[in-house]
Amino acid sequence: MDKKLFRSLLLLITYTVVLVAVIVKLDGVADWLGGVLAAFQPLIIGAAIAFILNRPCSFFARLFEKVLPEKVRRASRPLGAAAAYLAVAAFLTALVALVVPELTHSIETFIGNLNAYAANFQELFDWVAAKLDLEQLASLDLSSGISESLQKLLTGALDTLTNTLPHLIGMTSVLISAVVTGVISLVFSIYMLSGAPRLTAQCRRLVRAYLPQRAADTVLRVTRLTADTFSKYINGQVVEACILGGLCFLGMCVFRFDYAPLISVAVGVFALIPIAGAYLGAVLAVLLLVMIDPWQAVWFLVFLVALQQLEGNLIYPRVVGTTMGLPGIWVLAAVTVGGSLLGLIGMVVSVPLAAVAYTLLKQDLRARTPAPAPEGKDTPPEG
């Protein structure tokens, strides 16, 4: 038998045996993969942090390269990484110092006025029932039910926290493991961010050394496209969410809507989720405002729609740059499938992944499909 044929048959048999073993022991394989991912969790989290902070680090590194003398110019990348971490720490500290007190005040005000809000909601319900001639629903007393339900919910949450706290203190090993994982992840991210150029060059060299040239070029091209797409998407979404939350807060203060800090933070956070984020933020705001004044909730919806139009047509293209190159129907499909598979993380990650797949498919179709000939070239001359 030909050695090449024998090698191919042996490879096919081995692949079939491994595939059957994986299918039969699927639970064991899933547990093993979970253990491997848990072991690499600090490295994965550190790589994610380094990837997110790569652009700010590169910006600060370029600034240090211009300022530092040539002898110590090698330190520009580590100094840029330190500056990026300091900038993030300063931003989070300022955000907590400004937002948390306002959020606490808004939540305390909401809890203190639960009975009044329930009474307002009861009046609105009675008015709707009277207008629509719903006699059976008009006799329902929703005020006491809403108030009791919310009070029970808040009391249950406080009791759960109170009862859980001693158990959390007793779970020292879990807390220590979480702290150690966070510290190791941070250390990994610092090393990766400081030595990113050298690490990238080493990975590129490994790919070219162990893969054929054509496969290596394909892997490097796809990796570069994926990194550029994710970097642009994540940085753009974060900046856009901060701008949208700030504009929402300013507008709510100008129009004197209630719970401006709480609703603005919610709108900014939900803006990180494509498509669904806008609706989630609007639903939360309406649920809060409709119990105070239904007309205020209506006017807030009008304000939020106008703000999102301004953000989508003017702010987003300037902040993110050109769009992801993904048609709207595929964005909706990516968010739906990603949310079904991985929940909130899937909704956030699915759009750049779909954009990468769409770009690669478009490039492959362009390479496989010959360009149409100019009009009249293939037509034989008449006469």
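Let me begin by describing the structure that accompanies this report. (Residues numbered from 1 in each chain as written. Predicted model: local features only at pLDDT ≥ 70, side-chain atom pairs only at ≥ 80, totals over all residues. Heavy atoms only, no water.)

**Digging into the packing of helix H3 (residues 41-52) against helix H4 (residues 54-67)**
Each pair of packed helices can be described by the angle between their axes along with the distance between the axes.
Part 1: Where H3 contacts H4, the axes come no closer than 4 Å and their chain directions differ by 50°. As summarised for this structure, H3 and H4 are arranged oblique, according to the angle between their axes. Of the residues in H4, those touching H3 at Ala50, Phe51 and Ile52 are Asn54, Arg55 and Pro56. (Axes fitted to C-alpha atoms, helices over the stretch in contact; angles between N-to-C directions. Helix = DSSP H or I, 4+ residues; strand = E, 2+ residues; numbered from the N terminus. Parallel < 35°, antiparallel > 145°, perpendicular 65-115°, else oblique. Contact = heavy atoms within 4.5 Å.)

**Brief notes about unusual backbone geometry**
Part 1: Within the chain, arginine 256 stands out as a residue other than glycine whose phi angle is a positive 60°.
Part 2: Within the secondary structure, arginine 256 is located in the loop between helix H11 (213-254) and helix H12 (260-270).

**Quick look at the nonpolar core**
General note: in soluble globular proteins, nonpolar side chains tend to be found buried as a group.
Part 1: Within the largest apolar cluster, 20 residues are counted, with the highest numbers of intra-cluster contacts made by Cys248, Met252, Ile263, Val267, Phe300 and Phe303.
Part 2: Elements represented by at least two residues in this core include exactly H11, H12, helix H13 (276-289) and helix H14 (294-320).
Part 3: Formed by nine residues, the second largest nonpolar core is a distinct cluster that contains Tyr233, Leu326, Val335 and Ala354. (Core = buried A, V, L, I, M, F, W, Y, C linked by side-chain atoms within 4.5 Å. Buried < 20%, exposed > 50% of the residue type's maximum accessible area, 1.4 Å probe, protein only.)

**Observations regarding the packing of H11 against H12**
Part 1: Packing of H11 against H12 leaves a shortest axis separation of 8 Å and a crossing angle of 155°. Between H11 and H12, the angle is such that the two are roughly antiparallel. In this structure, H11 meets H12 at a crossing whose hand is right-handed. Mapping the contact onto sequence places Ala241, Leu244, Gly245, Cys248, Phe249, Met252 and Cys253 in H11 and Ala260, Pro261, Ile263, Ser264, Val267 and Gly268 in H12.
Part 2: Here the residues of the contact of H11 with H12 sort into ten nonpolar, three polar and no charged. (Left-handed = near helix turned anticlockwise from the far one by under 90°. Nonpolar A, V, L, I, M, F, W, Y, C, P; charged D, E, K, R; others polar.)

**Notes on the pattern of salt bridges**
Part 1: The full count for this structure, using the stated rule, is two salt bridges.
Part 2: Aspartate 217 is the partner of arginine 208 in a salt bridge, and the nearest nitrogen-oxygen pair spans 2.8 Å.
Part 3: The closest approach of N and O atoms between aspartate 364 and arginine 368, which form a salt bridge, is 2.7 Å. Here the residue aspartate 364 and the residue arginine 368 both occupy positions in helix H15 (residues 328-368), the gap between them amounting to four residues, near one helical turn.
Part 4: Of the residues examined, aspartate 364 reaches a relative accessible area of 34% and is grouped as partly exposed. (Salt bridge = Lys/Arg side-chain N within 4 Å of Asp/Glu carboxyl O.)

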